[in-house]
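# Fold and geometry: a report
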Amino acid sequence: MVNPPEPFPDLDWSPERARALGDAALEMYEEWLRRLPDLPVDRGRNAAEVSEAVHLDVPAEGLRDEELLEYLRKLVFDYSMFPGHPGFLAYIVGGGTVPGAIADLVAAGINQNVGGWRLSPGATEIELHVVRFFAEQFGLPDEAGGMLVSGGSIANFIGLKAARDAKSGAGVRARGLNGRPQLVAYTSQEVHFATTRAADMIGIGTDNVRLIEIDDQYRMDLVALETRIDEDLTAGLRPFCIVASLGTVATGAIDPLEPIADLCARHGLWLHVDAAYGGPIVLSEDLRGLAAGVERADSIAFDPHKWLYTPQSGGCILVRDIAHLAESFSADAGYVYEDKELTGRGIDLGMLGPQLSRSFWALKVWVSLLAHGTDAYGRRIAHDVALTRYLADRIEASDRFELAAPVGLSICCFRYAPPDLPNGGGREEYLDLLNERIMAAVQMDGRVYYSNAILGERFVLRTCIVNFRTEAEHLDQVLEVTEELGAKLDAELRPTHF
Ligand SMILES: Cc1ncc(COP(=O)(O)O)c(C=O)c1O
């Protein structure tokens with residue numbers, strides 16, 4: 001006689017518990033949304049303080065729900081910073097749509113593994129629809145496809161891996177790059193480091209990414225690009241890919257996509273477009289024209305979690321021909337065997353990219369698109385650009401701020417420069433120091449929050465609006481806070497010789 005183990009009652013997964021915890025969590029989310037404009041963007045705490053506050057010893061007996069909720073409340077209100085705050089203008093981090101957050105709760109609840117169709121039927125088909133929708137928006141052909149990924153870095157990696165495998169000759173996945181001509185990629189000096197990191201990950205080496213000079217609009221210089229390709233060909237190297245940016249991270253510049261696509265066609269190169277930031281302009285009537293040429297790309301990386309405002313995290317890779325993803329990432333093993341003729345099941349997205357188990361990232365993107373619609377999205381993206389021009393106009397009209405670069409999409413780079421500062425005598429170096437200190441002070445202050453760029457060799461302040469809660473009043477506040485803290489720091493730091 002074999003005695004079965006008794007049922008195990010101690011992990012409470014009851015619907016009642018889900019309801020009680022869920023109601024309390026939603027109330028907290030609602031309160032947070034209501035209070036968000038009045039909370040500091042960040043509390044300026046240091047790592048030791050935060051680490052100590054959020055640490056708990058994992059208990060042998062689980063916490064009560066009230067204790068858990070109190071702990072989460074402390075995390076939310078006291079030890080988090082808020083990219084969704086209307087005064088958050090740093091880096092490129094979207095505001096986080098409300099329907100997207102609720103969709104994430106549902107996605108986590110039903111716990112789909114979107115690596116295999118059979119583990120995620122509806123989720124996989126939704127992801128394929130999301131990808132189809134984006135491919136159409138970018139003007140890619142019917143055979144285009146792709147998938148959602150964790151973010152722009154992985155999307156760029158997948159694009160470059162597909163380029164490497166398509167352009168380096170048969171057998172590269174099995175035998176590697178040894179014995180083949182050195183592969184070389186081209187991109188601008190302004191490219192995000194995701195591209196150079198991807199070059200490392202695909203094994204071509206970061207030294208074999210040519211960082212091409214830029215013009216006065218921070219776009220890749222075509223003459224320098226073509227010259228460099230010719231030099232490399234003459235040296236017996238193997239140019240294989242150009243990475244163009246549709247919205248650079250520092251200034252929002254758009255590389256000249258049409259002539260770059262022509263160059264790729266002439267030399268048989270793969271065109272990868274890093275549209276992680278700027279891609280969503282294709283949803284805007286007014287801005288779409290700026291992306292002309294993107295439809296000729298072999299692959300496009302872009303990030304719903306940036307300018308489609310969806311919650312972290314979720315990026316997207318699109319390839320002109322979905323077959324390239326299978327060629328680059330297909331895998332097989334007995335333990336994932338399935339005869340699809342027999343089952344009628346669909347595509348296993350885990351076989352088309354580097355990750356097998358995959359989250360249902362697509363749901364928050366899909367639900368956000370369904371909830372808001374393309375018109376509102378397009379208009380809000382154009383509004384972000386208009387707000388940025390407003391900030392730039394105010395900067396240009398002021399005698400204590402300098403515009404540091406042409407406004408690209410929704411990015412504005414500027415400096416605080418006190419009007420009584422004489423020219424020469426180390427002015428530029430002093431402004432670097434002053435603006436660096438201003439950025440740190442603004443970030444610790446918490447009323448608004450922005451980051452920086454290094455343009456040429458100069459340290460400049462940088463705002464980027466990918467936040468549907470930001471309006472003109474918050475940009476006015478950016479200038480007020482910068483001027484207030486700038487004047488104070490200038491009084492402390494200015495060398496006596498000025
Ligand atoms: C142009 C560009 N490419 C790639 C990335 C990397 O994206 P992620 O942070 O989602 O990995 C960024 C991030 O800001 C970016 O701006």
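Cut-off values and rules
Residues numbered from 1 in each chain as written. Predicted model: local features only at pLDDT ≥ 70, side-chain atom pairs only at ≥ 80, totals over all residues. Heavy atoms only, no water. Pairing = 2+ DSSP bridges. Helix = DSSP H or I, 4+ residues; strand = E, 2+ residues; numbered from the N terminus. Axes fitted to C-alpha atoms, helices over the stretch in contact; angles between N-to-C directions. Contact = heavy atoms within 4.5 Å. Salt bridge = Lys/Arg side-chain N within 4 Å of Asp/Glu carboxyl O. Domains from an automatic or database assignment. Buried area = accessible area lost by both parts, 1.4 Å probe. Polar contact = N/O pair within 3.5 Å; in protein donor to acceptor, adjacent residues only side chain to side chain. Nonpolar A, V, L, I, M, F, W, Y, C, P; charged D, E, K, R; others polar. Phe/Tyr/Trp six-rings, centres within 6.5 Å; stacked < 30°, edge-to-face > 60°. Buried < 20%, exposed > 50% of the residue type's maximum accessible area, 1.4 Å probe, protein only.

Spatially, E8-E9-E11-E10 is the arrangement adopted by the four strands of the open sheet, whose pairing is antiparallel. Both outer strands of the open sheet, strand E8 (401-403) and strand E10 (451-455), are each paired with one neighbouring strand and no more. Averaged over all adjacent pairs, the angle separating strand axes in this sheet is 45°, with direction ignored. When strand E9 (residues 411-416) meets strand E11 (residues 458-464), the two strands line up antiparallel, connected through four bridges. When the bridges of E11 are listed, cysteine 413 appears paired with arginine 462. Contacting E8, E9 and E11, helix H14 (residues 361-397) crosses the sheet at an angle of about 20° to E9.

The next point concerns the pattern of salt bridges. For the structure on display, the rule yields 41 salt bridges. For aspartate 476, the salt bridge is made with arginine 394, and the minimal N-O distance between the two is 2.8 Å. Of this pair, aspartate 476 sits in helix H16 (residues 472-493) while arginine 394 sits in helix H14, and the two are 82 residues apart along the sequence. Sharing partners across several salt bridges, the network here consists of Glu402, Arg415, Arg427, Glu428, Asp432 and Arg458.

On to the domain arrangement of the protein. If you check the domain split of the protein, you get domain 1 (15-80), domain 2 (104-371) and domain 3 (374-493). The straight-line distance from the C-alpha centre of domain 2 to that of domain 3 is 32 Å. Residue-level contacts link 28 residues of domain 2 with 25 residues of domain 3. When domain 2 packs against domain 3, close to 1,900 Å² is buried across both sides, 70% of that on carbon and sulfur atoms. At the surface where domain 2 touches domain 3, the tally comes to zero salt bridges. At the junction of domain 2 with domain 3, the criterion picks out seven residue pairs in polar contact (both at pLDDT 80 or more). A per-class count over the side of domain 2 that touches domain 3 returns 15 nonpolar, nine polar and four charged.

Turning our attention to the packing of aromatic side chains. For the structure shown, the criterion picks out 14 aromatic pairs. Ring centres of tryptophan 32 and phenylalanine 82 lie 5.5 Å apart, and the angle between their planes is 65°; on these two criteria the pair is classed as edge-to-face. Of this pair, tryptophan 32 sits in helix H1 (residues 15-35) while phenylalanine 82 is found in the loop between helix H3 (65-78) and helix H4 (98-110), placing the two residues 50 residues apart along the sequence. Aromatic pair phenylalanine 134 and phenylalanine 302: ring centres 4.7 Å apart, planes at 75°, arrangement edge-to-face. Within this pair, whereas phenylalanine 134 is found in helix H5 (residues 121-137), its partner phenylalanine 302 is found in strand E6 (residues 299-302), the two being separated by 168 residues in sequence. Judged by relative accessible area, which is 1%, phenylalanine 302 ranks as buried.

Turning to the side chain of serine 368, a few remarks are in order. Here serine 368 shows up in helix H14. We classify serine 368 as buried; its relative accessible area is 0%.

Quick look at the environment of threonine 97 now. If you trace the backbone, threonine 97 turns up in the loop between H3 and H4. Measuring from C-alpha to C-alpha, the distance between threonine 97 and aspartate 165 comes to 37 Å, with 68 residues separating the pair along the chain. Once residues within four sequence positions are removed from consideration, threonine 97 is found in contact with Tyr29, Leu308, Tyr309, Thr310, Pro311, Ser368, His372, Tyr377 and Phe468.

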